[in-house]
Amino acid sequence: MSPTVRAPRPPASNRHPVDEVLPVPQLFFFGLQHMLIMYAGCVAVPLVLGAVLKLDTHTIALIVNADLLVAGIATVIQSVGLTRFFGIRMPVVAGASFTFLTPMILIGSEYGLPTMYGSMIVAGVFGILIARPFSMVLRFFPSLVTGCVITIIGLSLIKVSADLIIGSDPAAADYASVRNILLAFAVVVIIVLVNRLFKGFARNVAVLFGLVIGAVIAWFMGLGDFSSVAGAGWFGLSPPLLFGAPEFRLVPIIAMCVAMLVVFSEMTACVLAIGDAVGKKVTDKDMARGLATDGLSAVLAGFMNSVPDSTFGQNVGLISLTKVKSRYVITVTGILLVIMGAIPKIGEIVASLPGPVIGGAGLVMFAMTAAVGIQMLQKVDFEDNQNLLIVAVALGVGMLPVVVPAVYQNFQRDAQFILGSAITATVLVALLLNLLFNHLMVRKDTPVPDTPGATDTPGATGTAGVAGTVAEIPATTDAPESPDAPESTKNTV
């Protein structure tokens, strides 16, 4: 039997730019740049989660470090690949997703952290299992549905920012204090000024500027307490299942699985944008491996006390800006995130940021998320159909528990949890009404609006990527942003 002869490795000049290995200095600095752009958004989710759940500073620091660690692992897997099932092998940066934030807050508040992490693990396994067949149901998550959901994510989280700024206890002495509100507004002004006065990289890290300068101002105002930083070690990892064995309850699991479906639709848009930015066709198998990695990150997050990760959209804008397409640059980004996650002092510094500073930055990020959803809805066809009614009813039902949190207090506990989640309620209403009006009841001679290839979806980013690119929202000219519309637009949020 003759030995198998392998084809010779193509010369470097014939490799696709995605597979190019740059010199080490370039790999490092380009990788560092990607990490800095997504860093603020990556730590914002555990910061807000910990503040709302009233966790102590040390616990929040552990979650921040765990999030950086898991995000780094997911980023390395996405760029390099892991077996034939995981990793899209493209320049994809993974980071904490805002889509999971509201379900995590509701589950953590109502059922506790073990149930939150248990539902996260199951949702991750669910994501891994449906990654391949998801393309078959993607047509039921057009920009009409995802636009409503992303809008409601942003709107519902603004209340979270407000609580961080003014406090959640009306009886507290500093509740709604003028200095706290002014500090938050100062952070907003800093972010706006950086966006207005700077360009390129500095603009992309405007939120990071806001957090750092806001923390300095807070320290001079006597609001910053960084005493815990001195006692933190220089190296260490939080033990798995820090909060106890995971608990599994049906309703929280359903809520997290719904969020996973939304994240999948967002990630699909981002991956198509990346494929266009680097000039490489994304196949169904590529997409399945990328989605499965999102599911795997949720499983890892559940065991490692982290939060689920998904693709960061603002890094697509950086690829378009720098024209550096090598996936190994992103591998370096992932390694740097892992290193950051193994330094407890960094987590303590981030966790010690005052509430008004986090709330001010969050106000911009969450409102920008809502703006992205509105931008997506602008491309939906509203003529001679029921799409406007679908948007109105979905947003109306979704906003009810935000405006009046006690609206479902007389319902059964499980019903309260489902209906009381703005995201879950909006997903269910938009999905069912879209299915009813645009699929089941549509006339044979009428094309279904907003189906794959029928229209485009601006600003599709995954809410994971909102933090670092506030300034680049209007610039939409380089990469496709919708799973159902491969028209080029620059995805930067």
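One way to put it is that helix α2 (residues 57-80) packs onto helix α14 (residues 327-341) with a least axis distance of 7 Å and a crossing angle of 160°. One way to sum up the angle between α2 and α14 is to call them roughly antiparallel. As for the relative orientation of α2 and α14, their crossing is left-handed in sense. The residues of α14 that touch α2, namely those facing Asn65, Leu68, Leu69, Ala71, Gly72, Ile73, Thr75, Val76, Ser79 and Val80, are Arg327, Ile330, Thr331, Gly334, Ile335, Leu337, Val338, Met340 and Gly341.

Here the focus is the packing of aromatic side chains. Considering all chains together, one arrives at four aromatic pairs under this definition. Centroid distance Tyr117 to Phe243: 5.8 Å. Interplanar angle 5°. Geometry classified as stacked. Placement of Tyr117 in helix α4 (residues 113-130) and of Phe243 in the loop between α10 (227-231) and α11 (250-278) is noted, with a sequence separation of 126 residues between them. Accessibility expressed as a relative area gives 4% for Tyr117, which makes it buried. With a centroid separation of 5.2 Å and an interplanar angle of 75°, the aromatic rings of Trp219 and Phe220 are classed as edge-to-face. On the basis of relative accessibility, which here comes to 66%, the residue Phe220 falls in the exposed class.

What follows concerns the pattern of salt bridges. Inspection of every chain in the model, using the stated rule, returns three salt bridges. A salt bridge links Arg249 to Glu247; the shortest N-O distance between them is 3.9 Å. We classify Arg249 as partly exposed; its relative accessible area is 37%. Close ionic contact of Asp286 with Arg289 constitutes a salt bridge, the shortest N to O distance being 2.7 Å. With Asp286 and Arg289 both in helix α12 (residues 284-304) and three residues apart, the pair spans about one turn of that helix.

Okay, helix α7 (residues 178-197) next. Counted at 1.5 Å a residue, the expected span for α7 with its 20 residues is 28 Å, and the 28 Å between its end C-alpha atoms agrees. Restricting attention to buried positions, one finds in α7 the residues Asn180, Leu183, Ala184, Val187, Val188, Ile190, Ile191, Val194 and Asn195. With its buried residues spanning 150° around the axis, α7 presents them on a single face. Along α7, exposed side chains directed more than 90 degrees from the buried face belong to Val178, Leu182, Arg196 and Leu197.

The next subject is a nonpolar patch on the surface. On the surface, a nonpolar cluster with roughly 680 Å² of combined accessible area is contributed by Phe209, Val212, Ile213, Val216, Ile217, Trp219 and Phe220. Among the structural elements, Trp219 can be located in helix α9 (residues 206-220).

So, on to the packing of helix α6 (residues 143-166) against helix α17 (residues 387-403). Relative orientation of the contacting elements α6 and α17 amounts to 25°, with a least axis distance of 10 Å. Classified by the angle their axes make, α6 and α17 are roughly parallel. In this structure, α6 crosses over α17, and the sense of that crossing is right-handed. Between α6 and α17, the contacting residues are Leu144, Cys148, Thr151, Ile152, Leu155, Ser156 and Lys159 on the first element and Asn387, Ile390, Val391, Ala394, Leu395, Gly398, Met399 and Val402 on the second. Across the contact of α6 with α17, the residue classes tally to 10 nonpolar, four polar and one charged.

Mapped onto the fold, Thr59 is located in helix α2. Residue class for Thr59 comes out buried when judged on its relative accessible area of 12%. Of note is the side chain of Thr59, whose polar atom sits 2.9 Å from the side chain of Asp56.

Next up on the list: the nonpolar core. Ranked by internal contacts, the top residues of the largest apolar core, which has 120 residues, are Leu101 and Met104. For this core, the element with the most residues is α11, which contributes 17 residues. With residues near it in sequence (within four places) discarded, Leu101 still touches Val45, Val48, Leu49, Leu157 and Phe366.

Right, let's get into the environment of Ala96. Within the fold, Ala96 resides in strand β1 (residues 94-96). Separated by 29 residues in the primary sequence, Ala96 and Asp67 have C-alpha atoms spaced 7.2 Å apart.

In this section: the confidence of the model for the protein chain. Per-residue confidence for the protein chain averages 78 on the pLDDT scale, and 80% of its residues sit at or above 70. Under a pLDDT of 50 for its full length, residues 451-462 has, in the predicted model, 46 contacts with residues more than four places off or in other chains. Taken as a whole, residues 465-493 scores under 50 in pLDDT and shows 125 contacts with residues more than four places along the chain or in a different chain.

For α12, spanning 21 residues, the distance from its first C-alpha to its last is 30 Å, which sits close to the expected 30 Å at 1.5 Å a residue. Burial within α12 is extensive, with 17 of its 21 residues counted as buried. Remark: Asn305 follows α12 within two positions and exhibits a positive phi of approximately 65°.

Looking at the secondary structure, you find Ser79 in helix α2. At a separation of 2.8 Å, a polar atom in the side chain of Ser79 contacts the side chain of Thr331.

Rules of the game
- Counting restarts for each chain, with residues numbered from 1 along the sequence as it is written.
- Residue-level local features of this predicted model are given only where pLDDT is at least 70; pairs of side-chain atoms are given and counted only at 80 or more, and the full residue set underlies all totals for whole chains, interfaces and linings.
- Working from all heavy atoms in the structure, the side-chain values ignore hydrogens and water.
- Interaxial angle, 0 to 180 degrees, is taken between N-to-C directions of lines fitted to C-alpha atoms, where a helix line uses only the stretch in contact.
- Think of it this way: any DSSP run of H or I at least four residues long counts as a helix, any run of E at least two long counts as a strand, and we number them from the N terminus.
- What sets the label is the angle itself: under 35 degrees gives roughly parallel, over 145 gives roughly antiparallel, 65 to 115 gives roughly perpendicular, and the rest give oblique.
- Each crossing gets its hand from how the near helix is turned against the far one by less than a right angle, where anticlockwise is left-handed and clockwise is right-handed.
- Contacts were defined at the residue level, with two residues in contact if any of their heavy atoms lie within 4.5 Å.
- Note on ring pairs: Phe, Tyr and Trp rings are taken, using the six-membered ring of Trp, and paired if centres are within 6.5 Å. Classes follow the plane angle, with under 30 degrees stacked, over 60 edge-to-face and the rest tilted.
- Partly exposed describes any residue whose relative accessible area lies between the buried limit of under 20% and the exposed limit of over 50%, with all areas from a 1.4 Å probe on protein chains only and scaled to the type maximum.
- Basic side-chain nitrogens of Lys or Arg form a salt bridge, by our definition, when they fall within 4 Å of a carboxyl oxygen of Asp or Glu.
- For a helix, the expected span equals 1.5 Å multiplied by the residue count minus one.
- Starting at the helix axis, one direction is taken to each C-beta atom, and the arc is that of these directions.
- Two joining distances apply to patches: 9 Å for like charges and 5 Å for nonpolar side chains (Val, Leu, Ile, Met, Phe, Trp, Tyr), and every residue must have over 30% relative accessible area and no salt bridge.
- What sets the accessible areas is the Shrake-Rupley method with a 1.4 Å probe; for residues, cover comes only from the shown protein chains.
- Ten residues, namely Ala, Val, Leu, Ile, Met, Phe, Trp, Tyr, Cys and Pro, are considered nonpolar, four, namely Asp, Glu, Lys and Arg, are considered charged, and the remaining ones, Gly among them, are considered polar.
- Here a polar contact is recorded for every N or O atom pair within 3.5 Å, except that within protein the pair must consist of a potential hydrogen donor and a potential acceptor, and residues adjacent in sequence are included only if both atoms are side-chain atoms.
- We call a set of buried residues a nonpolar core when its members are Ala, Val, Leu, Ile, Met, Phe, Trp, Tyr or Cys and they connect through side-chain atoms within 4.5 Å of each other.
- For every residue, the predictor assigns a confidence score, pLDDT, that lies between 0 and 100.

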